[in-house]
Amino acid sequence: MTTAASTATPSSAVADLIVASDLQKTFPNKKGEPVHAVRGIDLRVPQGEAFGLLGPNGAGKSTTMRMIACVSPRTGGELQILGMDPNLDGIAIRDRLGVVPQEGNLDEELSCRENLIVYGRYFGFSRKYCAAKADELLEFAQLTAKASARVSALSGGMKRRLTIARALVNEPDMVLLDEPTTGLDPQARHVLWDRLFRLKQQGVTLILTTHYMDEAEQLCDRLVVVDGGRIVAEGSPAQLIAQYCTREVVELRFTPGAQRQHEAAATALVERVEVLPDRLLLYTTDGDSTVEAVHQAGIPASSSLVRRSTLEDVFLTLTGRSLVD
Amino acid sequence: MSGALTGTPARRGSGAEQPRRSGWTYRVRVWEALMRTWRPYFWSTLGESIAAPLALLLALGVGLGSLVDRRGTEALGGVSYLQFIAPALLCAAALQAAFSESSYAAFDRFKWRRTAFAMTATPVTPAMVLDGTVMFIATRLLLSGTAYYLILLLFGAAGGPWGLLMVPIATLMGVGVATWVLVLSASLDEDAPGYFNLVLRFGVVPATLFSASYFPLDQLPGYLRPLAWISPLWHANELARDAAIGGLPWWQVGLHLVVLTVIVVVGFAVARQRFRRRLEF
Ligand SMILES: Nc1ncnc2c1ncn2[C@@H]1O[C@H](COP(=O)(O)OP(=O)(O)OP(=O)(O)O)[C@@H](O)[C@H]1O
Ligand SMILES: [Mg+2]
């Protein structure tokens, strides 16, 4: 809370909505070693920030999100959400959170509208409030036409949109979105980005995990890359690119499998090469001259492309893994 | 607050409604949600809780009963066969309903529909999910028990005014069994349907047969009688029969009540811990 005192906010206001230090989660395992899903992470997320958690499958993102959502007791370290301890004030904290879980849990037998109403009722709201809110949120999720359709009759993307709308039923201070746009079509993703952006403008804090680097770049003020239950990098998207990548990348495409034979030749040309299933990524400060060098070295790529570095490259550099492996 | 940015839900500001916060509100809201999911099945459940007793009463009570009664009714305590089995039929129906609501239906909310996890993302705690679930099952048992009672009245098999107590007695027993089946539902994973079948085959069905439902316990050989003592249904049958036609010494009434209460209380405590483990991991 070092920054809280200086800003002239009311005394009850909390500057950092999440404060985690050495946060850990270990799952006991009946047979064999316990699983250390989160091995001590430090986080500090101020109010109003859009904060991203990136990391490969199994990195511990969802586990962290569930601890923040106060549905998973930590097994080590300290955690404060909205200035309260999840172990003591889970009810009061969850009252102020909106949660979009990775695994859907809509009631398939109820209609879209009923799902929103039932969920709103869990927070203690009146029927009148829930009904009005449900209509507002159906509009928000562009599902008004499906209001009385059963959830089981919706497409995957529509279910996702409904789940996101549902998370806003209590007008939360902080929304936790675990892979919110997985399964959405590009148009729906852009609409969602717009909605999240507007929420952010209203001061709502957003915590999101995603495997889409463009999404992280678009939405996140700041992000951490998690791997093996630990934070391996932290910063704004631009900072991370500047810190972990060269300015440009040359992509050389090969018939799948053939790229490995040319890894050594390519490595001689630049400081770092990343091997993907069908291509090589050459990290360089000057793409055009690297392409030139590739041709001179006689590396038989079926095509080459020069582009700017993105978060995706940061991710590959840090985790040494493709996102979709 | 919401006016400035139309189409975007506003944060809960001073103008927005502040929700009611009390443990009981949340429990009632879970109950309400379960009642809502039950709504599409309400009439079919009610139809079933009327059709089943009608069929049983006609076949067993009237059909078989006329045979039994011809040989004298001393063994039944001097009442007709129909009057003898009526309270037990009501209790057996409650047992069936309690089992189905606490097995597949409850397991579904953990495993397939996962709606229990939606509940605990809100202020609702795992313990409140359990409480609301038990409240719902109790409501359902009271409703179908009442329907059953009315059918019995129609057949003149509901006993005196005290016979109305059969409904809460059957509900108490049903809730007790339900808490224990909920323990299973909250603990099992993929293999749940198999276990539920076992419980049905080696628990519910034999309990219906050996709990003095269709014949007095002393008609069983002595070594089989302990089967009844451990059956919640037997304790409920004895109490329900006493409510309808009397005849039980007061201390036995007390003993049966204590057994049923212990089943509920212990089952509740174990289920509470299991719900927590399942929903808060
Ligand atoms: N309930 C559990 N019991 C045991 N191990 C678990 C449990 N939940 C998660 N894990 C393990 O913890 C690790 C982190 O899982 P987590 O779901 O947090 O990953 P993630 O970063 O969200 O991955 P993804 O991108 O695939 O969603 C994994 O190794 C996983 O197997
Ligand atoms: Mg995950």
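For clarity, every value in this text was computed on a predicted model and none was experimentally measured. In this convention, every chain numbers its residues from 1, walking through the sequence in written order. Lettering for chains starts from A, numbering for ligands starts from 1, and both go in the order in which the items are written. Totals for whole chains, interfaces and linings use every residue, but because this is a predicted model, local features are given only for residues with pLDDT of at least 70 and side-chain atom pairs only at 80 or more, for both listing and counting. Neither water nor hydrogens contribute to the side-chain values; these are computed over all heavy atoms in the structure.

What about the UniProt feature "transmembrane region" (unreviewed entry) in chain B?
Then, in step 1: UniProt positions are given in the numbering used here, feature names are shortened, and annotations may be inferred rather than shown by experiment. Summarizing the sequence annotation, UniProt attributes the feature "transmembrane region" (unreviewed entry) to residues 41-64, 84-107, 163-186, 198-217 and 250-271 of chain B in the numbering used throughout.
Then, in step 2: Summarising residues 198-217 of chain B: 60% helix, 0% strand, and an end-to-end C-alpha distance of 25 Å. Put simply, DSSP H or I for four residues or longer makes a helix, DSSP E for two residues or longer makes a strand, and each gets a number counted from the N terminus.

Overview of helix H4 (residues 127-140) of chain A
Residue and element names in this part refer to chain A.
Then, in step 1: An expected span of 1.5 Å times one less than the residue number is assigned to each helix. Spanning 14 residues, H4 covers 20 Å between terminal C-alpha atoms, matching the ideal 20 Å at 1.5 Å per step.
Then, in step 2: Of all the residues in H4, the buried ones are Tyr 129, Cys 130, Lys 133, Ala 134, Leu 137, Leu 138 and Phe 140. The buried residues of H4 occupy one face: seen down the axis, they fall within an arc of 155°.
Then, in step 3: Elements that come into contact with the buried residues of H4 comprise helix H3 (112-122), helix H5 (156-166) and helix H6 (186-201).
Then, in step 4: Of the residues flanking the end of H4, it is Gln 142, one or two places downstream, whose phi is positive at about 55°. Each residue gets one of three labels from its accessible area relative to the maximum for its type: buried under 20%, exposed over 50%, partly exposed in between, using a 1.4 Å probe on protein chains only. Note that the arc is defined by the directions from the helix axis to the C-beta atoms. Only heavy atoms enter the contact rule, under which two residues are in contact if any of them lie within 4.5 Å.

Looking at the sheet that holds strand S1 (residues 16-27) of chain A
Residues and elements named next belong to chain A.
Then, in step 1: Only strands that DSSP links by at least two bridges are regarded as paired with each other. With antiparallel pairing, the 3 strands of this open sheet are ordered in space as S2-S1-S4. What marks the edges here is a single partner per strand, and that holds for strand S2 (35-46) and strand S4 (76-81). Across the sheet, the axes of successive neighbouring strands diverge by a mean angle of 20°, strand direction being ignored.
Then, in step 2: Both S1 and S4 contribute to a ladder of 5 bridges, which runs antiparallel. The partner of Ala 20 across the bridge, within S4, is Leu 79. Angles run from 0 to 180 degrees between N-to-C directions of axes, and those axes are lines fitted to C-alpha atoms, restricted for helices to the stretch in contact.

Some points on the packing of aromatic side chains
Then, in step 1: Any Phe, Tyr or Trp ring, taking Trp's six-membered ring, that has another such ring centre within 6.5 Å forms a pair; planes under 30 degrees apart are called stacked, those over 60 apart edge-to-face, and the others tilted. Scanning all chains against the criterion turns up 10 aromatic pairs over all chains.
Then, in step 2: Considering the side-chain rings of Phe 107 of chain B and Phe 196 of chain B, the 6.0 Å spacing of their centres and the 80° angle between planes classify their relative orientation as edge-to-face. With Phe 107 of chain B in helix H4 (residues 104-111) and Phe 196 of chain B in helix H8 (residues 192-209), the pair connects residues that are 89 residues apart, well separated along the chain. Here Phe 107 of chain B matches Phe 196 of chain B in class, with each residue buried.
Then, in step 3: Ring centres of Phe 110 of chain B and Phe 275 of chain B lie 5.1 Å apart, and the angle between their planes is 75°; on these two criteria the pair is classed as edge-to-face. Note that Phe 110 of chain B is positioned in helix H4 and Phe 275 of chain B in helix H11 (residues 250-279), a separation of 165 residues in sequence.
Then, in step 4: Of the residues examined, Phe 110 of chain B reaches a relative accessible area of 3% and is grouped as buried.
Then, in step 5: The buried category is assigned to Phe 275 of chain B, whose relative accessible area is 2%.
Then, in step 6: Three or more aromatic residues joined by ring pairs make a cluster, and in this case those are Tyr 119, Tyr 122, Phe 123, Phe 125 and Tyr 129 of chain A.
Then, in step 7: In this structure, Arg 166 of chain A is placed above the aromatic ring of Tyr 119 of chain A, and the distance from its NZ or CZ to the ring centre is 4.4 Å. Distance and angle both matter: a charge sits over a ring if NZ of Lys or CZ of Arg is within 6 Å of the ring centre and within 35 degrees of the ring normal.

Quick look at the site of ligand 1
Then, in step 1: Working definition: residue near molecule or strand if any one of its non-hydrogen atoms lies within 4 Å of it. With respect to spatial proximity, 15 residues lie near ligand 1, and among them Asn 57, Gly 58, Lys 61, Ser 62 and Thr 63 of chain A are the closest.
Then, in step 2: Those chains with residues close to ligand 1 are chains A and B.
Then, in step 3: Pairing of N or O atoms within 3.5 Å defines a polar contact, subject to two protein rules: one partner must be a possible hydrogen donor and the other a possible acceptor, and residues neighboring in sequence count only if both atoms are side-chain atoms. Between Gln 102 of chain A and ligand 1, the recorded distance is 2.9 Å, taken from a side-chain N or O atom to an oxygen atom.
Then, in step 4: Throughout, the Shrake-Rupley method with a 1.4 Å probe supplies accessible areas, and for residues the shown protein chains are the sole cover considered. For ligand 1, the protein covers 66% of the area, taking 640 Å² as the surface of the free molecule.
Then, in step 5: Within the residue set of the shell around ligand 1, elements represented by two or more residues are S2 and helix H1 (61-68) of chain A.
Then, in step 6: A per-element tally of the shell around ligand 1 places H1 of chain A first, with 3 residues.
Then, in step 7: Throughout this entry, Asp, Glu, Lys and Arg are counted as charged residues, while Ala, Val, Leu, Ile, Met, Phe, Trp, Tyr, Cys and Pro are counted as nonpolar. The remaining residues, Gly among them, count as polar. Each residue belonging to the shell around ligand 1 can be placed in one class, and the counts come to 6 nonpolar, 7 polar and 2 charged.

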